[in-house]
Amino acid sequence: MNRRQKLLILTIIITLILVSTYLAGICISEEAIAVDFTNAKLKPSLHHLFGTDWLGRDLFARTMKGLSISITVGVVASAISAIIAVLIGIASAASSKVIDSIINWVIDLVMGVPHLILIILISFACGRGLKGLLIGIAVTHWTSLARLIRAEVLGLRTEHYIAVSRKLGKSNGFILIHHILPHMIPQFIVGLVLMFPHAILHEASVSFLGYGLSPEQPAIGIILSESMKYLSSGMWWLAFFPGLTLVSIVFLFDRLGDNLKSLIDPYSAQE
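Just so it is clear, the model here is predicted, and its values are computed rather than measured.

> Please explain the overall build of the protein as it appears in this structure.
A count of helical and extended segments in the protein gives eleven helices and zero strands. Along the chain direction, N to C, the helices and strands of the protein fall in the order α-α-α-α-α-α-α-α-α-α-α. For the protein, the C-alpha atoms occupy an extent of roughly 80 × 50 × 30 Å along the three principal directions. Looking at the protein as a whole, 44% of its 271 residues qualify as buried. Within the protein, contacts between residues separated by at least 24 positions form 71% of all contacts whose residues are at least 6 apart in sequence. Both charge centroids of the protein, one from 20 positive and one from 16 negative side chains, sit 8 Å from each other.

> Even after reading the chapter, I still don't get the packing of aromatic side chains, so can you show me in this structure?
Each pair of aromatic rings is reported with the distance of its centres and the angle of its planes. Here the structure, examined in full by the defined rule, presents eight aromatic pairs. Relative to Phe240, the ring of Trp236 has its centre 6.0 Å away and its plane inclined at 70 degrees; by these criteria the two rings are edge-to-face. Plain terms: the ring middles of Trp236 and Phe241 are 5.8 Å apart, the flat faces sit at 45 degrees to each other, and that makes the pair tilted. Looking at Phe241, the relative accessible area reads 15%, which means it is buried. Clustering of aromatic rings is evident, with ring pairs tying together Phe50, Phe60, Trp236, Trp237, Phe240 and Phe241.

> Please clarify how helix H3 (residues 97-112) should be interpreted in this entry.
Because each turn of an α-helix spans 3.6 residues, side chains separated by three or four positions in sequence point in the same direction. Helix length check: H3 (16 residues) gives 22 Å between terminal C-alpha atoms against 22 Å at 1.5 Å per residue, within 8%. Here H3 has its buried residues at Asp100, Ile103, Asn104, Ile107 and Val110. In a view along the axis of H3, the buried residues occupy a sector of 125 degrees, so they form one face of it. Residues Val98, Trp105 and Gly112 are exposed on H3 and point more than 90 degrees away from its buried face.

> Would you mind showing me how to read the side chain of Glu226 here?
With respect to the secondary-structure elements, Glu226 resides in helix H9 (residues 220-227). The residues touching Glu226, leaving out its near neighbours within four places in the chain, are Trp54, Arg57, Arg62 and Pro215.

Rules and cut-offs
Residues numbered from 1 in each chain as written. Predicted model: local features only at pLDDT ≥ 70, side-chain atom pairs only at ≥ 80, totals over all residues. Heavy atoms only, no water. Helix = DSSP H or I, 4+ residues; strand = E, 2+ residues; numbered from the N terminus. Buried < 20%, exposed > 50% of the residue type's maximum accessible area, 1.4 Å probe, protein only. Contact = heavy atoms within 4.5 Å. Lys, Arg positive; Asp, Glu negative; His and termini not counted. Charge placed at Lys NZ, Arg CZ, Asp CG, Glu CD. Phe/Tyr/Trp six-rings, centres within 6.5 Å; stacked < 30°, edge-to-face > 60°. Expected span 1.5 Å × (residues − 1). Arc of directions from axis to C-beta.

Now the structure itself:
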């Protein structure tokens, strides 16, 4: 197999792992993560792979449930952010110099503020919880992709087939739909996947600090935040396994984005 075929197989394997993890979390019932004081503070074993917490809840089930929530938040927020990036990037490149300057100023402003602080402020202003977290992540992660889309559109506008379309009397809407948007699909897909690791890490960070999801939800950030109270008593598994699974999911999505970029761009796949 050549390198491109290996990348394709690896991409399929990573996708299956991520989908399986998400479905596993969705299928876990509430009874599996219910309080059971008779099994409190148990170390990892074959019966409880990640051990149990101070309330006797199975940590593996809570972690899988939390990962499904984190993946949902990450995918939805990244999708919204990627759509915003495409719309703003095209608007910046296709509009007048004044609008382009204003959009670039907004991009610089958003990028100049640390994402975590901006997400916390937006989440708090929108009422916190899942809604506030989604809005906060979605409106803070579009800037880099928007600049990439803007550069791509500016390059496409100088292509000969665009000039030919204009000479044939095609409208700006026709050129946008038939000539520009199809070229934005690869950037949109890769940008969406690469945006996800940042989104899920920020979701966990904000929830860890207490400004994200509500405490009763089994999110990874909440699990890690609760575990801090018990690490000094030797219950290391409360933070180790949830943290390890979160890092693994983020790494897999990052690899998936790199693989998709190599598959879409044949030049990078042949390097």
